Amino acid sequence: MFTSVDDVSARLAETGYLASPAVATSVFLADRLGKPLLVEGPAGVGKTELAKAVAAVAGARLIRLQCYEGVDESRALYEWNHAKQLLRISAGRDESWDETRTDIFGEEFLLPRPLLTAIRGDDPKVLLIDETDKADVEVEGLLLEVLSDFQVTVPELGTVTATRRPFVVLTSNATRELSEALRRRCLFLHIGFPDAELERRIVRLRVPGIEAALAESVVRVVGALRAMDLRKAPSVAETVDWARTLLALGAGTLDETVVRDSLGVVLKHQDDIQKAAAKLDLDTL
């Protein structure tokens with residue numbers, strides 16, 4: 001998919017994703033080695049967007065498994081269309097069970113979910129397993145078979161093995177420690193908050209029309225907010241949203257009134273807003 005680390009950076013940038021050297025290197029190695037890429041970091045720093053950007057670059061189909069507490073095999077792997085099976089059984093009342101069973105456990109009645117969909121077919125795919133840490137521990141056992149051998153066993157149909165492996169990205173906000181067995185099967189990448197220069201470039205790219213001075217002020221103030229002891233430090237997504245808000249308000253500079261009136265865009269808890277309003281000193285930034 002990629003010829004070099006620089007090729008990764010350049011092609012991701014064409015989609016609007018500005019990758020740091022660490023991110024570009026990890027994507028290149030995951031592609032070259034055929035290994036899943038486990039991406040950890042705070043919410044809003046671009047973990048999910050990375051998978052979308054890789055799919056766009058590769059012209060691949062993005063298949064997303066959104067993890068949550070209670071997600072199970074039927075939601076992640078496959079399930080049978082029971083209503084359609086019952087209709088088929090009712091229509092074939094004169095048939096023997098052996099004849100009916102062979103039919104109702106065929107492809108026509110199979111409902112593939114993201115994991116099975118990702119390993120079937122020859123078209124290029126990017127499999128995004130989003131917020132893996134929110135899934136139950138049991139789901140990790142299911143992922144181990146898929147990520148180890150890129151195969152899935154359907155008892156009624158046999159083993160389905162990938163003829164073309166998908167590019168796999170797992171994301172985690174580190175709310176739960178993932179098992180060592182799962183980590184061993186992946187390359188690891190941590191995406192934190194970008195440095196000021198990269199964040200300025202992201203803002204200028206994502207918010208066309210913003211003045212360089214205003215973008216610099218926004219990034220500087222967000223950096224000061226992150227240095228405070230807040231419940232939820234603002235991420236890159238909030239930085240971009242704030243820049244768009246200021247542009248929509250017609251603000252050419254950041255002053256106390258504008259900051260106070262728009263802090264709810266960048267901070268999501270009232271106690272954080274109160275703390276920032278009390279401690280933030282624009283004159284020293």
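Data block above holds the structure.
Because the structure is predicted, anything quoted here is derived from the model rather than measured.

K.L.:
Could you clarify how one ought to interpret the pattern of salt bridges in this entry?
P.N.:
Close approach of charged atoms allows side chains with opposite charge to pair. Within this structure, the stated rule accounts for 17 salt bridges. Salt-bridge contacts for Glu40 lead to Arg183; the nearest nitrogen and oxygen are separated by 2.7 Å. Highlighted residues: Glu40 in strand S1 (residues 37-40) and Arg183 in helix H9 (residues 180-184), separated in sequence by 143 residues. The class of Glu40 is buried, set by a relative accessible area of 8%. The salt bridge partner of Glu199 is Arg226, with a shortest N-O separation of 2.8 Å. In this pair, Glu199 sits in helix H10 (residues 196-206) while Arg226 sits in helix H11 (residues 212-226), placing the two residues 27 residues apart along the sequence. Under the relative-accessibility criterion, Glu199 is labelled buried at 2%. Take Arg226: its relative accessible area is 17%, and that puts it in the buried class.

K.L.:
Just checking my understanding: could you explain the side chain of Glu40 for this structure?
P.N.:
Within polar-contact distance, the side chain of Glu40 engages the side chain of Arg183 at 2.7 Å. The residues touching Glu40, leaving out its near neighbours within four places in the chain, are Lys47, Ser172, Ala174, Leu178, Arg183, Phe188, Leu189, His190 and Ile191.

K.L.:
It is not clear to me how the nonpolar core should be interpreted in this structure. Could you clarify?
P.N.:
The nonpolar side chains of soluble globular proteins are, as a tendency, buried together. Membership of the largest hydrophobic core comes to 32 residues, with the highest contact counts inside it found for Leu115, Ile129, Leu143 and Leu170. Those elements that provide at least two residues to this core are strand S2 (61-66), strand S3 (78-80), helix H7 (114-119), strand S5 (125-130), helix H8 (137-149), strand S6 (151-154) and strand S8 (167-172). Ranked by residues supplied to this core, first place goes to H8 with 5 residues. Ile202, Met228, Leu267 and Leu282 belong to the second largest nonpolar core, which has 31 residues in total.

The rules we used
Residues numbered from 1 in each chain as written. Predicted model: local features only at pLDDT ≥ 70, side-chain atom pairs only at ≥ 80, totals over all residues. Heavy atoms only, no water. Salt bridge = Lys/Arg side-chain N within 4 Å of Asp/Glu carboxyl O. Helix = DSSP H or I, 4+ residues; strand = E, 2+ residues; numbered from the N terminus. Buried < 20%, exposed > 50% of the residue type's maximum accessible area, 1.4 Å probe, protein only. Polar contact = N/O pair within 3.5 Å; in protein donor to acceptor, adjacent residues only side chain to side chain. Contact = heavy atoms within 4.5 Å. Core = buried A, V, L, I, M, F, W, Y, C linked by side-chain atoms within 4.5 Å.

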